[in-house]
Amino acid sequence: MDFYILKKQEKLVAIPADEQNCKEYLDDGYFYVDKVAACNEKSALKALQAKQVKAFKTPAVLLLLVLPIILFAWLQISR
């Protein structure tokens, strides 16, 4: 089942992906954050957190992999 993740100030809510229901929340001052697939509201919020962690983790790992190569190349050029 798909859920819309909406945010109002610091409060996150997960609602079933129904456009009419989402429109009511948006009219109430919530903002759309993302759409995730999950079995219930609690799982939907956890899935969003996992997506956000993955979005941060991937560039960090790539940077850690490329940094030694850049340092090695810089040392070779500076000799």
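Located above this text is the structure these notes cover.
Model, not experiment: these values are computed from the prediction.

Thresholds applied
- Residues numbered from 1 in each chain as written.
- Predicted model: local features only at pLDDT ≥ 70, side-chain atom pairs only at ≥ 80, totals over all residues.
- Heavy atoms only, no water.
- Salt bridge = Lys/Arg side-chain N within 4 Å of Asp/Glu carboxyl O.
- Helix = DSSP H or I, 4+ residues; strand = E, 2+ residues; numbered from the N terminus.
- Pairing = 2+ DSSP bridges.
- Axes fitted to C-alpha atoms, helices over the stretch in contact; angles between N-to-C directions.

Once that is clear, we can look at the pattern of salt bridges. All told, the structure shown has 2 salt bridges when counted by the stated rule. Taking the shortest distance from any N to any O, the salt bridge between K35 and D2 comes out at 3.8 Å. In this pair, K35 sits in strand β3 (residues 31-37) while D2 sits in strand β1 (residues 2-8), placing the two residues 33 residues apart along the sequence.

Now for the sheet that holds β3. The 3 strands lie next to each other as β2-β1-β3, forming an open sheet whose pairing is antiparallel. At either end of the open sheet lies a strand with only one pairing partner, and these are β2 (11-16) and β3. Pairs of neighbouring strands in the sheet enclose a mean axial angle of 25°, with direction left out of account. In terms of strand pairing, β1 meets β2 through 6 bridges, oriented antiparallel. The residue bridging I5 from the neighbouring strand is A14, located in β2.

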